[in-house]
Structures are given as structure tokens and as C-alpha cells.
Amino acid sequence: MDLAYTEQEEEFRAELRSWLGTVLPGLPARPDPLDWPGRRAYDTAWQRTLYEAGYAGLQREGTPTQHLIFLEETERAGAPYVGANFVGLLHAGPTIAAEGTPEQRERWLPPILRGDEVWCQGFSEPDAGSDLAALRTRAVRDGDHYVVTGSKIWTSHAEVADWCELLVRTAPVTPDTPKHKGITWLAVPMDAPGITVRPLRTLAGSAEFAEVFLDEVRVPVANRVGAENDGWRVTMVTLSFERGTAFAGEVVACRRTLAELAREARANGSWDDPGLRRRLGRLNAEFLALWRLTQWNVSEAQRTGGVPGAGGSVFKLRYSHARQELYDTAAEVLGPDAFDLGRTWTVDRLSALSYTIAAGTSQIQRNIVAERVLGLPKGR
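Summing up its helical and strand segments, the chain has twelve helices and eight strands in all. Here the chain holds 380 residues, and 50% of them are scored as buried. Counting every atom, the chain has about 17,900 Å² of accessible surface; 52% of that belongs to carbon and sulfur.

Written out as C-alpha cells, the structure is:
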């Protein structure tokens, strides 16, 4: 892949940089990180601003390079990230674009791009752990509806979401069929009767996750993405986006954090420690390599029809550990201030602890890399 930017791409960068310089000074103050209704309003307003300026659809309608330039420039300028729009823009939306019917794409994609509707992810369950195919939430067909009963946990942004990408079991597990064969992918309105949301508090005190309970929730069959019992394949498309391209903007953010960390180390004297300088240098090389891998993943997804491949697991595995190493190093630089929740780095460090679990544990990613990338045999 040619990593150099063309003259036209640099013109796009200059136009975007100029627009950001004009619009960002006029944004309101960011809300309290613990105020998720406020954060939803802030994030969706920014998404609407992007939409009206023609930048909201770059991931689908622009070139891979334009998408990457957008991530670089918005992070460089300190622009808001997707925030509460994360699942819709980076998981559900791309899945619907790849697997949905024309009617489904027309119904759900424009509101996602405009910031009119926020999505959450209903995959994980209390008793399934990392074995996603062991889910038990069931959906029974009743005419033109499914009747859904069960529960989900770690449901991102459920308390402020309009829709949920929900995995359900539509066929029972039998000794003769693999358990992933009976799963279906549904789009469920979060205001449907029978849905209860119970927020979960994180170490930092925020509540961006929730338990979701579904008690005979009626969901139209028209809200099914893909065929009945083919949801595992559709889910692999969702997870390919989640692992392969959804964290792209965060890599740019980590590179900025690393530069800020080096400046802090110089200011407080910890830069004099040669061991710390070596760690910072290695992390700089690590995140540069991850950005190059991001460029490759985005370009490869575009070349192969828009869906990232199993190489996304390589990225997710290394990125989640590199992020934890970054904030462990930040704690060393900060010293006693590393316990101050008023410091952004402290909150980010607590958040980083979840990255080796979220979007598939590191153990699961290693299995995927071993079997699908390296072609090693499965364990017996």
C-alpha cells in the first residue's frame, strides 16, 4: 500500500482543517463525563454538525484515505469523538450497510449519520462470558413478530439509546448442531414494552454500561438483519468492524496522549529516568505500527467490499495491551497524581483496564489469530 498522500488528498486535508478551525471555537462546553443524557445531546449535536457539513458519511462514502485523514485531523484539532454514537456509527450502521436490505438501510442509516438515533449493543450475557455463542436470550416467532425474553449485560449506552443490535436464540441447542447455528441478529427499539434498563457503575463512577432485561418484548420480523438462524455470520461482520476499524480514532488519540505524556515527563523531571525514556520510545514505535496497521485494515476492508477481515483481531489484540501499557506508564509519570480522578489520564487508565475484555477477550483474539490468520489446528 502506498502510504503517501496525493495532492487531492492533501487538498481535502486542508479544507477539513480549515473547517475545523472555524467550527470548533463555537462549540459549547463539554458536559460532565458522568452526565450521559448531557453527553448524548452533545455528541448527537456534533454528529449533526458533521452531517450538515458533508463529513458524516466518509466511512461509507469517502475513500479509505479520506476517512483516515478525517480521523487524523479531528483528533489533532481536539474535536469531539463519536461518544454516545459509537455503536451506531462503528458497529450497527456498518453491519446494516453490509447485510441489511435496501429498506433497512434507508430506515436506519440516515438517522445514524444525522445523529437522530443512538444505538447500543446487546451481545454479552451474564452466564455466557466470553463464549458469545452460549447466549440464552430467546426469540419465539409469533406471526410477523418475535417474542424476546432474556437479559444482557455490559450493554454500551443502553440508558440513552433508541435502538439495540440484539443477538437472540431462535433455535434450541441440540447435540447434533453447533450452538452458534441458532442465533439471529435483531434491531430492537429500546422503548418497546417489556424492556428494563439498569445502569452499571464503572470504577470511575460513570454508567456507560447497563444490564438490559427483556420480558416478552415483541420485535417485528422486518427488524431482522440477515436470515433467521444466520445471525452468527452477521455477528462476525459486526465484530469485524468492532475489532478492525472501530478503534482507529483511538489510536490517533493515544499517539497524542503519548506526546503529552512526554511533555509532562520533561516538566516534572521523570524524563531523567532512562528506563522511562525507553518505554516511551517503544510505545511511540508501537502506536506508529498500529496506525500503519489501521491504514492497512481500512484499505483492505474497502478493497474486499467494506468488511474488515480476521486481521482486525491482530490489531485489537495488540492495541488493547498497548493502551494499558500507555496508561501504566502515565501513572508512573504522574506519581501520586495518578490517583486523582480529576485528571483525564487517571480516568482513561481505569477505562483501559477493560480493553483486554471488551470486543472479545485477548484469549479469544489469540484463538482467532491462530486459527484464521496462521491456519493452526484447533485444540482438542
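Read on, since the account is not over.
What follows covers unusual backbone geometry. The residue Trp154 is not glycine, and still its phi comes out positive at about 55°. Along the polypeptide, Trp154 turns up in the loop between β3 (145-152) and β4 (163-169).

This part is about the environment of Pro172. Note that Pro172 resides in the loop between β4 and β5 (183-189). Sequence spacing of Pro172 and Arg136 is 36 residues, and the spatial spacing of their C-alpha atoms is 9.2 Å.

This part covers the pairing of β5. The two faces of a sheet get side chains in turn, since along a regular strand they alternate between them. Across the seven residues of β5, seven count as buried, placing the element largely inside the fold. Residues Ile183, Trp185, Ala187 and Pro189 point to one face of β5 and Thr184, Leu186 and Val188 to the other, with burial holding for every one of them. When β4 meets β5, the two strands line up antiparallel, connected through seven bridges. Across the sheet, Arg169 pairs through a bridge with Ile183, a residue of β5.

With that settled, the discussion passes to the packing of helix α1 (residues 7-23) against helix α4 (residues 64-76). The contact between α1 and α4 brings their axes to 10 Å, and the two run at 35°. Read as a crossing pair, α1 and α4 show a hand that is right-handed. Contacts between α1 and α4 involve Glu9, Phe12, Arg13, Leu16, Arg17 and Leu20 from the former and Thr65, Gln66, Ile69, Phe70, Glu72, Glu73, Thr74 and Arg76 from the latter. For the contact of α1 with α4, the class distribution of residues is five nonpolar, three polar and six charged.

With that settled, the discussion passes to the nonpolar core. The tendency in soluble globular proteins is for nonpolar side chains to be buried as a group. In terms of nonpolar packing, the biggest core is built from 63 residues, with Trp19, Trp46, Trp119, Trp185, Phe287 and Leu326 touching the most fellow members. Ranked by residue count, the leading element in this core is helix α10 (residues 311-334), at nine residues. If near-sequence neighbours (up to four positions away) are discounted, Trp19 is found in contact with Trp46, Thr49, Leu50, Ala53 and Tyr55. Residues Ala161, Leu166, Val168 and Ala210 belong to the second largest nonpolar core, which totals 21 residues.

Here we come to the confidence of the model for the chain. Close reading of the predicted structure is inappropriate where its pLDDT is low. This prediction gives the chain a mean pLDDT of 84; 82% of its residues lie at or above 70. At the level of individual helices and strands, the chain shows its lowest average pLDDT in helix α12 (residues 362-373), which scores 63, and its highest in strand β8 (residues 224-225), which scores 98.

Tallying each qualifying case throughout the model produces 23 salt bridges. Note that Arg13 is salt-bridged to Glu73, the shortest N-O span being 2.7 Å. Note that Arg13 is positioned in helix α1 and Glu73 in helix α4, a separation of 60 residues in sequence. Here Arg13 matches Glu73 in class, with each residue buried. With its nearest N and O atoms 3.8 Å apart, the salt bridge here joins Asp127 to Arg136. With respect to burial, Asp127 and Arg136 carry one shared label: exposed. Here the salt bridges do not stand alone but share partners, grouping Glu10, Arg13, Arg17, Glu72, Glu73 and Arg76 into one network.

Right, let's talk about helix α5 (residues 86-99) for a bit. With 14 residues, α5 ought to run about 20 Å at 1.5 Å a step, and its terminal C-alpha atoms sit 19 Å apart, in line with that. The largest bend along α5 measures about 40° and falls at Ala92, with the proline Pro94 one to four residues further on. Buried residues dominate α5, accounting for eleven of its 14 residues. For α5, every residue scored as buried is listed here: Phe86, Val87, Gly88, Leu89, Leu90, His91, Ala92, Gly93, Pro94, Thr95 and Ile96.

A separate point is the packing of aromatic side chains. Applying the stated criterion to the full structure yields eight aromatic pairs. Judged by centre distance (5.9 Å) and plane angle (85°), the ring pair of Trp108 and Trp119 falls under edge-to-face. Taken together, the residues Trp108 in helix α6 (residues 102-114) and Trp119 in strand β1 (residues 119-122) connect sequence positions eleven residues apart. For the pair shown, Trp108 and Trp119 are each scored as buried. Summarising the aromatic geometry, the rings of Trp119 and Trp163 are spaced 5.8 Å apart at their centres and angled 20° between planes, so their arrangement reads as stacked. Here Trp119 is found in strand β1, whereas its partner Trp163 is found in strand β4, with 44 residues between them in sequence. For Trp163, a relative accessible area of 10% gives the class buried. Over the ring of Trp36 we find Arg39, and its NZ or CZ is 3.9 Å from the ring centre. Sitting over the face of the ring of Tyr146, Arg141 holds its NZ or CZ atom 5.7 Å from the ring centroid.

Calculation rules
Residues numbered from 1 in each chain as written. Predicted model: local features only at pLDDT ≥ 70, side-chain atom pairs only at ≥ 80, totals over all residues. Heavy atoms only, no water. Helix = DSSP H or I, 4+ residues; strand = E, 2+ residues; numbered from the N terminus. Buried < 20%, exposed > 50% of the residue type's maximum accessible area, 1.4 Å probe, protein only. Areas by Shrake-Rupley, 256 points an atom, 1.4 Å probe, with all protein chains shown as cover. Pairing = 2+ DSSP bridges. Axes fitted to C-alpha atoms, helices over the stretch in contact; angles between N-to-C directions. Left-handed = near helix turned anticlockwise from the far one by under 90°. Contact = heavy atoms within 4.5 Å. Nonpolar A, V, L, I, M, F, W, Y, C, P; charged D, E, K, R; others polar. Core = buried A, V, L, I, M, F, W, Y, C linked by side-chain atoms within 4.5 Å. pLDDT = per-residue confidence, 0-100. Salt bridge = Lys/Arg side-chain N within 4 Å of Asp/Glu carboxyl O. Expected span 1.5 Å × (residues − 1). Bend = angle between axes of the 7 residues up to and from the residue. Phe/Tyr/Trp six-rings, centres within 6.5 Å; stacked < 30°, edge-to-face > 60°. Lys NZ or Arg CZ within 6 Å of the ring centre and 35° of its normal.

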